Each structure stands twice: as structure tokens, then as C-alpha cells.
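# A closer look at the structure
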Amino acid sequence: MPRVKTHLVTWDEVVDWSRNLARLVRESGFRPDLVVAVSRGGFVPARLVCDFLGVENLASIQSQHWTEAAKAGERAILKYPYRLDASGLNVLVVDDIVDTGETLRLARDYVRDNWGPREVKTAALQWISPVAKYRPDYYYLEVKEWVWFQYPWTRLEDTYQFIKRMMSEAYRETGRREWGFSEVVEGFREWYGIDVGEAYYREALRVLVEKGVVDYDAARDRYVLRV
Ligand code: ADE
């Protein structure tokens, strides 16, 4: 059993889910004039939704999670708030996943209150219903049990963070610091139950070396966790 429930999302799934999301929007009768991608996760789904709905206008707004020093939990904020004249336009705000729901609701409210649109609706490929405080107007998949979705656009970032976590916990539990490449790959598969392929493991280890999280001992072909 993997330690972290993870689902590897393929490019084919992304296209299929985006196509179905666009179909739900079309079937509802809503005709967006402008699609807004919530950056960064919403970029690829929003672009595909534009393609499937025949929408030429694509803008984006970036949200960021902000941990308040004194408070538990994170709050979403907009990173680069700007004005856009969307008067008279139907706007569809698109993200990859609604988890807590804070991000998409914030983006929706911002567009509604600052861009003057005729109507704003929200869409996401996935909606994690048991944890989300906000339900998007359109979603293709309802997720009933929390899982980490490993999307193609976060594959490297997730992989190096997952490897870092695996190595840190192994160190805490057993004092182990050294890993061969194939041990990293095997450990990763055991921990997360997915396989991202050799190129991603190699890139992830390169990033961890660059960040000073691990050292590469070339003579022994081993990766050594810095502690
Ligand atoms: N972003 C927020 N929640 C997520 C999840 N469960 N999987 C992937 N990306 C996410």
C-alpha cells in the first residue's frame, strides 16, 4: 500500500476531462465570450476548454497560497491583481481542481467585482466534494475521497518534493542518508504507488542537488541527503 494516495493523471485523461467539461458548459446553454485560467493549474484545462468551445479570448489570473504567520491554515490571495474591461461579456473561470475551493471562489469574486462582466461562471476538471467549501458551476469528476492528483504540469515539482519527503522521513525513521538511483525509483513507487518514468526521476534529482537538498557522490554514484 502506498503511503500517500496518488493518482497519476495522463495527458490523454486531461484532454478527455477537458473535452467533457466543455460539453457540460455547452449543454447548459452558457456561452462564454472570455475564458479566464486560474494560474498556474488552470492553464492547460482552460486552453483546451477554449479549443472545445471555440472561444478565442483567454486571460489568466494567478492565485497564491499565503500562510499567515500566526494562524493555522492557508489563505488564497491574487498575486497580480489587474483590471480588464469585460463589460457585457460572459466569463468562464477555469481551474484544474477544486480542493478547499478558496482559490476558485476568490478568482470568481475578483472577476465579478472588478471586471464588470455580464455573468461569471466557474469550471474545474475535478471537485473534491468532502473537503471543498465551494462547488463550481461546472465540474467533470466528483472526487469522493481525497487523493493527490499528479497532473502533467506539476510532474517535476511533485516528483522532487515527493523524493525529498521520502528521503527525509527515511532519515528520521532509520538514519539512512544514501540512495542509489534505482533505490530512489523503487522507493518512490512504494511510497506513492505511481511511476513517473526515468527522465522525471533524473530531473528531480538534478533539482534536489541544485537546491542543496542532496549531494551527488559521483565516485560512488550515490545521492546523499544533507542533514
Ligand atoms: N491542488 C490542490 N489540491 C490538489 C490535489 N488533491 N491534487 C492535485 N493538485 C491539487
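What counts and what doesn't
- Residues numbered from 1 in each chain as written.
- Predicted model: local features only at pLDDT ≥ 70, side-chain atom pairs only at ≥ 80, totals over all residues.
- Heavy atoms only, no water.
- Helix = DSSP H or I, 4+ residues; strand = E, 2+ residues; numbered from the N terminus.
- Buried < 20%, exposed > 50% of the residue type's maximum accessible area, 1.4 Å probe, protein only.
- Contact = heavy atoms within 4.5 Å.
- Lys, Arg positive; Asp, Glu negative; His and termini not counted.
- Charge placed at Lys NZ, Arg CZ, Asp CG, Glu CD.
- Core = buried A, V, L, I, M, F, W, Y, C linked by side-chain atoms within 4.5 Å.
- Domains from an automatic or database assignment.
- Near = heavy atom within 4 Å.
- Polar contact = N/O pair within 3.5 Å; in protein donor to acceptor, adjacent residues only side chain to side chain.
- Areas by Shrake-Rupley, 256 points an atom, 1.4 Å probe, with all protein chains shown as cover.
- Nonpolar A, V, L, I, M, F, W, Y, C, P; charged D, E, K, R; others polar.
- Axes fitted to C-alpha atoms, helices over the stretch in contact; angles between N-to-C directions.
- Parallel < 35°, antiparallel > 145°, perpendicular 65-115°, else oblique.
- Left-handed = near helix turned anticlockwise from the far one by under 90°.

Regarding its fold elements, the chain presents six helices and eleven strands. For the chain, the spread of C-alpha atoms along the principal axes amounts to about 65 × 40 × 30 Å. Within the chain, the fraction of its 227 residues that count as buried is 45%. Once local pairs closer than 6 in sequence are excluded, the contacts in the chain between residues at least 24 apart make up 65%. Put simply, the chain has 33 plus and 35 minus side-chain charges, and the middle of one group is 3 Å from the middle of the other.

Here the amide bond leading from Ser 39 into Arg 40 is cis, since omega sits at 5 degrees, within 30 degrees of zero. You will see that Asp 221, though not glycine, has its phi angle at about 50 degrees, which is positive.

Time to look at the nonpolar core. Grouped together as the largest cluster of nonpolar side chains are 25 residues, with contacts concentrated most on Ile 163, Met 167, Phe 188 and Tyr 192. Listing elements by their share of this core, those giving two or more residues are helix 4 (155-174), helix 5 (181-192), helix 6 (198-210) and strand 11 (222-225). Membership of the second largest hydrophobic core comes to 24 residues, among which are Leu 48, Val 49, Tyr 138 and Val 143.

What follows deals with the side chain of Ser 39. Counting through the fold element by element, Ser 39 comes out in strand 2 (residues 34-39). A relative accessible area of 8% places Ser 39 in the buried class. Residue contacts for Ser 39: discarding those within four places in its chain leaves Ile 61, Gln 62 and Ser 63.

Once the domains are mapped, the chain shows domain 1 (10-145) and domain 2 (152-225). Measuring from the centre of the C-alpha atoms in domain 1 to the corresponding centre in domain 2 gives 33 Å.

By nearness alone, every residue bordering the ligand is listed as Ile 97, Asp 99, Ile 128, Trp 146, Val 147, Trp 148, Phe 149 and Tyr 151. The contact in question runs from a nitrogen atom of the ligand to an N or O atom on the backbone of Phe 149, over 2.9 Å. Protein contacts shield 80% of the accessible area of the ligand, which totals 260 Å² for the unbound molecule. Taken together, the residues that form the shell around the ligand break down as seven nonpolar, no polar and one charged.

Right, let's get into the packing of helix 1 (residues 11-28) against helix 2 (residues 43-53). Angle between the axes and distance between the axes: these two values describe a pair of packed helices. The geometry of helix 1 relative to helix 2 is characterised by a closest axis approach of 9 Å and an angle of 55 degrees between their N-to-C directions. With respect to helix 2, the element helix 1 is oriented oblique. In terms of crossing hand, the pair formed by helix 1 and helix 2 is right-handed. Residues Trp 11, Val 14, Val 15, Ser 18, Arg 19, Leu 21, Ala 22, Val 25 and Arg 26 of helix 1 form the contact with helix 2, whose own contacting residues are Val 44, Pro 45, Leu 48, Val 49, Phe 52 and Leu 53. Classifying every residue of the contact of helix 1 with helix 2 gives twelve nonpolar, one polar and two charged.

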